[in-house]
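Coordinate inspection notes
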Amino acid sequence: MLDQEKLKELIVEWLTLKKAYNIDVIDVAQKSSFADYLIICSGSGEPHLKAIAEDVLEKSREHSVHLLGKEGVGSNTWILIDFGTIILHIFDEKTREKFNLEDLWKHKKIIDIEENNYDQE
């Protein structure tokens, strides 16, 4: 079973491999009762969003990651995947700008993935 930190790293790795972009990891542990991290990323359109989501879901099954739920997998604008302590949001650009989750959590620590070195296994 993966610990939370390793799962966070793997999700970011999976997103990167599927060419998701503008990936933000937001630490909400101290101010949220529903999650410790929000991971937010963008895709270039409906096929890309679906490909990202399907890949993350497939890889999470391969790693026996417990999934609490998923919403919008048939959507072309916003897909949410709930891993319990980590919630992944996959947006198209327009919807991401509209809901601007980063601004809602701007007083929280945002982890810049460019500063972290995730192992590529």
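One numbering rule holds for all chains: residues counted from 1, following each sequence as written. Local features in this predicted model are restricted to residues whose pLDDT is 70 or higher, and side-chain atom pairs enter the listing and the counts only when it is 80 or higher, whereas totals over whole chains, interfaces and linings include all residues. The side-chain values count all of the structure's non-hydrogen atoms but skip hydrogen atoms and water molecules.

With respect to the overall build of the protein chain
The following threshold applies: A run of H or I in DSSP becomes a helix once it reaches four residues, and a run of E becomes a strand once it reaches two; helices and strands are each numbered from the N terminus. We call a residue buried when its accessible area falls under 20% of the maximum for its residue type, exposed when it is over 50%, and partly exposed in between, using a 1.4 Å probe and counting protein chains only. Note on definitions: a residue-residue contact is assigned when non-hydrogen atoms from the two residues lie within 4.5 Å.
A tally of regular secondary structure across the protein chain gives 4 helices and 6 strands. Of all 121 residues assigned to the protein chain, the portion counted as buried reaches 45%. In the protein chain, 60% of the contacts between residues at least 6 apart in sequence involve partners at least 24 apart.

Comments concerning the packing of aromatic side chains
Threshold: Each pair of aromatic rings taken from Phe, Tyr and Trp, with Trp reduced to its six-membered ring, is defined by centres within 6.5 Å and is described as stacked if the planes are under 30 degrees apart, edge-to-face if over 60, and tilted in the remaining cases.
Tallying each qualifying case throughout the model produces 2 aromatic pairs. Each ring, one from Trp 78 and one from Phe 91, has its centre 4.6 Å from the other, and the planes form 35 degrees; the classification is tilted. With a gap of 13 residues between them, Trp 78 in strand β4 (residues 78-82) and Phe 91 in strand β5 (residues 86-92) connect regions that are remote in the sequence. Between the aromatic rings of Trp 78 and Phe 99, the centroid separation amounts to 4.7 Å while the plane-to-plane angle is 50 degrees, which identifies the pairing as tilted.

Overview of the pattern of salt bridges
The condition is simple: Salt bridges are counted wherever a side-chain nitrogen of Lys or Arg sits within 4 Å of a carboxyl oxygen of Asp or Glu.
With the rule as written, the count across this model stands at 5 salt bridges. Here Lys 50 and Glu 46 are joined by a salt bridge, their closest N and O atoms 2.8 Å apart. Residue Lys 50 and its partner Glu 46 are located together in helix α2 (residues 46-62), separated by 4 residues, close to a single helical turn. Judged by relative accessible area, Lys 50 falls into the partly exposed class, the value being 25%.

Describing helix α1 (residues 4-17)
To keep it simple, the criterion reads: Under the convention used throughout, the expected extent of a helix is 1.5 Å for every residue step, that is, one less than its residue count. For the purposes of these results, a polar contact is taken to be a pair of N or O atoms within 3.5 Å, where, inside protein, one atom must be able to donate a hydrogen and its partner to accept one; residues adjacent in sequence count only when each atom of the pair is a side-chain atom.
Given a rise of 1.5 Å per residue, 14 residues ought to cover 20 Å, and the 20 Å separating the end C-alpha atoms of α1 matches this to within 8%. Capping of α1 at its N-terminal end is provided by Asp 3; its side-chain oxygen lies 3.2 Å from the backbone amide nitrogen of Glu 5. Just downstream of α1, Lys 19 is the residue with a positive phi angle, here 65 degrees.

Considerations on the nonpolar core
The test is simple: The set of buried Ala, Val, Leu, Ile, Met, Phe, Trp, Tyr and Cys residues whose side-chain atoms join them within 4.5 Å is what this entry labels a nonpolar core.
Of all hydrophobic cores here, the largest spans 24 residues; its most connected members are Ile 11, Leu 15, Ile 39, Ile 81, Leu 88 and Ile 90. Counting residues per element, the ones that place at least two in this core are α1, β1 (21-27), β2 (37-43), α2, β4 and β5. Of all the elements, α1 adds the most residues to this core, at 6 residues. Counting residues in hydrophobic clusters, the runner-up holds 9 residues, among them Ala 35, Leu 38, Ile 87 and Trp 105.

Quick notes on the environment of Ile 79
Topologically, Ile 79 is positioned in strand β4. Along the chain, Ile 79 and His 89 lie 10 residues apart, while their C-alpha atoms are 5.8 Å from each other.

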